[in-house]
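Coordinate inspection notes
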Amino acid sequence: SRCTSSSPHLLTSSSKQTCPLPLAPDLDGDFPLLLTPLDYSPWTSLPICEASSSPPEIPYFCLYSNSHHNHLGYSIITTPEVAADSVQILDTALPRRQITDPPYKVVDVPGKGKGVVATRKIKKYQEIMVDYAALVVDIGFTVGVDVWRGYKLLNKAVDALSDQGKADLMGLGRTSEQARDEVENVLRTNAFATELGGRGHMAVYTAVSRINHGCKPNAYTRFIQDGLQVSVAAARDIEEGEEVTISYITLGKTSKERKERLKQWGFECACELCSAKPTEIEASDARRRQIEELREYAVVAFQANKPYQALRLTRQIISLLPAEELFPFYSEQYENMARIFYVLGDMKNAELYAGKSLDVLAEQGYIQGVTGTRQELLEMMWKKFQADGDQFKAAR
Ligand SMILES: C[S@@+](CC[C@H](N)C(=O)[O-])C[C@H]1O[C@@H](n2cnc3c(N)ncnc32)[C@H](O)[C@@H]1O
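Going along each chain's sequence as written, the residues are numbered from 1 onward. Restriction of local features to residues with pLDDT of at least 70 applies here, the model being predicted, together with a cutoff of 80 or more for giving and counting side-chain atom pairs; totals for whole chains, interfaces and linings are based on all residues. The side-chain numbers reported here are obtained from all heavy atoms of the structure, hydrogens and water having been left aside.

Thoughts on the site of the ligand
The cutoff for a nearby residue is simple: one of its non-hydrogen atoms must lie within 4 Å of the molecule or strand. Neighbouring the ligand are 20 residues, the closest being K112, K114, R210, N212 and A270. Whenever a nitrogen or oxygen atom comes within 3.5 Å of another N or O atom, the pair is scored as a polar contact, on the condition that within protein one atom can donate a hydrogen and the other can accept it, and that pairs from neighbouring residues in sequence are kept only if both atoms are in side chains. One nitrogen or oxygen atom from the side chain of T175 is found 3.0 Å from an oxygen atom belonging to the ligand. Here a nitrogen atom of the ligand and a side-chain polar atom of N212 are 2.8 Å apart. Burial of the ligand by the protein amounts to 94% of the accessible area it has alone, namely 560 Å². Helix numbering and strand numbering both begin at the N terminus, where a helix is a DSSP run of H or I of at least 4 residues and a strand a DSSP run of E of at least 2. At the level of secondary structure, the elements contributing two or more residues to the shell around the ligand comprise strand 5 (113–118), helix 6 (182–190) and strand 9 (212–213). For this classification, the nonpolar set comprises Ala, Val, Leu, Ile, Met, Phe, Trp, Tyr, Cys and Pro, the charged set comprises Asp, Glu, Lys and Arg, and every other residue, Gly included, is treated as polar. Tallied by class, residues from the shell around the ligand come to seven nonpolar, nine polar and four charged. Accessible areas in this description were obtained via Shrake-Rupley with a 1.4 Å probe; residue shielding takes into account the shown protein chains only.

So this is what it looks like as C-alpha cells:
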C-alpha cells in the first residue's frame, strides 16, 4: 500500500492520524458498525453503497465524501480500497498549493460557452492554475450499477460537497445530448479520464473545466497525485486578452481525426485551426500527416539498424514541429536523437541531445521532484538505451 504516516489535515481527523483503512460495507451494502462521524472519519458523511452487477470482483461501488477538502469538498464513488488510497494521496497535497492573483478570468467566448482568458501576459511554462478533483467516479460504476440508482448516488455525491462546491460543479457547462441526468451531463461535458488504484476513473476539476479545447493549444495540463491534483501551465507566451486553451485529445491529429475524437466530447470544434480557411486546414493536415509518417519511419529505420537514416528522418520531424506548435514532441524527438548518437558511439552528440530532452522536460515541469544530478539523470538514460538495445537484440 502507498499508505504511510503523515500529519493531520482536513481529511485526517486528529483522532485518526494513521493510515486510513478501507471502509468496506457488509454483504447487504450497509455500514452497521459506523455509528458516529468519528467512526467514518475522514469522511464527513456515512458512506453509501450501491450493488454492482459487474465486474464480478466488485459487488458494490460506494460514495465517500468530505465536504471540507479544498473548500469545495471532495466526493468519490469507487471501491473502498481506492477511496482509502485517495485519502492518502490527498494527504500528500499539503501544503495546499494555490496561485495567488491568478492571471486569467472566466468570460463568454463566442461559439464555445464560457472560456478562460488571460488578464495579463503569461510567460512560457508559467503555472496558470492549480486545481483539485471535486467529483471522482469509477468508470465501472457507470456500467455495473442500475442506471436510476446510479443517478441517485451521483446526485448524493454532489449534495455532499460544500455549498460552494455544489454551486461551482452544477454551474459548469452541460452540453451533452446523451445525458439523462444533470450530474451525468456535468460528467460527460467536463470529466477527464484518470487512473486511481489501477482502475479507470472520471474526474471533474471545477476551475480547469472552464478551459476550452485548442488544436494548437497554448497551455497544457500536468496531472499530479494520480490525477487528484492538476496544474495548468503555458506552452508558449500568452498575450493579455488571449484565450487559454488545452488539448482534450492527443496532440497532432488531423482535422478529420479531431472531429471524430471530439464527437465523444459531444461538440463541433470551433478552435482557430478548425475554423481556419480550407487551404490552411489542408496545409496543417498535410504537415501533421507527414510528421506522423516520419515518426513511424524513423522507428522502423532505427530498428532495422539504419541509424543514419533514422537520424535524417528525426531531424526532418524536428524541423516540422514549430509550424504545428507540437511542443510535447520535442523531448521525445531529442531523446530519439540521443539514442541514435548513443548507438553510433558519438557520446558528445548523445549527451547534447539527452541534455536538450531533459531541459525541455524540466522547463515543462515534468521532472520536478525527480532526485539526482544532471549527470545521474544522463547515466539513467544511457542505462535505459542499453537495456532497450539488449531487449531488441534478444527479440531478433
Ligand atoms: C470542459 S467544458 C469547457 C468550458 C465550457 N465552454 C463552459 O462553458 O464551461 C467543454 C465544453 O466546452 C465547449 N467547447 C470546448 N472547447 C471547444 C471548442 N474548441 N469549440 C467549441 N466548443 C468548445 C463544448 O461545449 C464542450 O462540451
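Here we look at the pairing of strand 2 (residues 60–66)
Type-normalised accessible area, obtained with a 1.4 Å probe on protein chains alone, sets the label of each residue: buried when under 20%, exposed when over 50%, and partly exposed for intermediate values. Most of strand 2 is tucked away: seven of the seven residues are buried. Side-chain alternation along strand 2 places Y60, C62, Y64 and N66 on one buried face and F61, L63 and S65 on a second face that is also buried. Strands were regarded as paired on the criterion that DSSP finds at least two bridges between them. Inspection of the sheet shows strand 1 (residues 48–51) paired to strand 2 by four bridges, in the antiparallel sense. Bridge pairing in strand 2 places E50 opposite F61.

Focus on the packing of aromatic side chains
Pairing of aromatic rings covers Phe, Tyr and Trp, the last through its six-membered ring, and needs centres within 6.5 Å; plane angles under 30 degrees mean stacked, over 60 mean edge-to-face, and all others mean tilted. As enumerated under the stated definition, the model contains 18 aromatic pairs in all. Ring plane angle 35° and centroid distance 6.0 Å describe the contact between Y220 and Y366, whose orientation is recorded as tilted. Separated by 146 residues along the polypeptide, Y220 in strand 10 (residues 219–224) and Y366 in the loop between helix 11 (347–363) and helix 12 (374–395) bring together distant segments of the chain. Accessibility expressed as a relative area gives 41% for Y366, which makes it partly exposed. Ring plane angle 65° and centroid distance 5.6 Å describe the contact between Y342 and F385, whose orientation is recorded as edge-to-face.

Re the state of the cysteines
The term disulfide is used for any two cysteine sulfur atoms that are within 2.5 Å. For the coordinates displayed, the defined rule picks out two disulfides. There is a disulfide in this structure between C49 and C62, and the S-S distance comes to 2.1 Å. Handedness here is read from the sign of the S-S torsion; for C49 and C62, about 105°, the answer is right-handed. In this pair, C49 sits in strand 1 while C62 sits in strand 2, placing the two residues 13 residues apart along the sequence.

Overview of the domain arrangement of the protein chain
Where each domain begins and ends follows an automated or database-derived domain assignment. Domain parsing of the protein chain yields domain 1 (37–244) and domain 2 (278–395). Domain 1 and domain 2 are separated by 33 Å when their C-alpha centres are compared. Contacts between residues were defined by any pair of non-hydrogen atoms, one from each residue, lying within 4.5 Å. Taken together, the contact between domain 1 and domain 2 spans ten residues of the former and nine residues of the latter. We define buried area as the total accessible area lost by two parts upon association, computed with a 1.4 Å probe and summed across both. For domain 1, the biggest contributors to the area lost against domain 2 are Y125, K216 and R222; these three give 60% of the whole. The rule for a salt bridge is simple: a side-chain nitrogen of Lys or Arg has to be within 4 Å of a carboxyl oxygen of Asp or Glu. One can count one salt bridge joining domain 1 with domain 2. By residue class, the composition of the side of domain 1 that touches domain 2 is six nonpolar, one polar and three charged.

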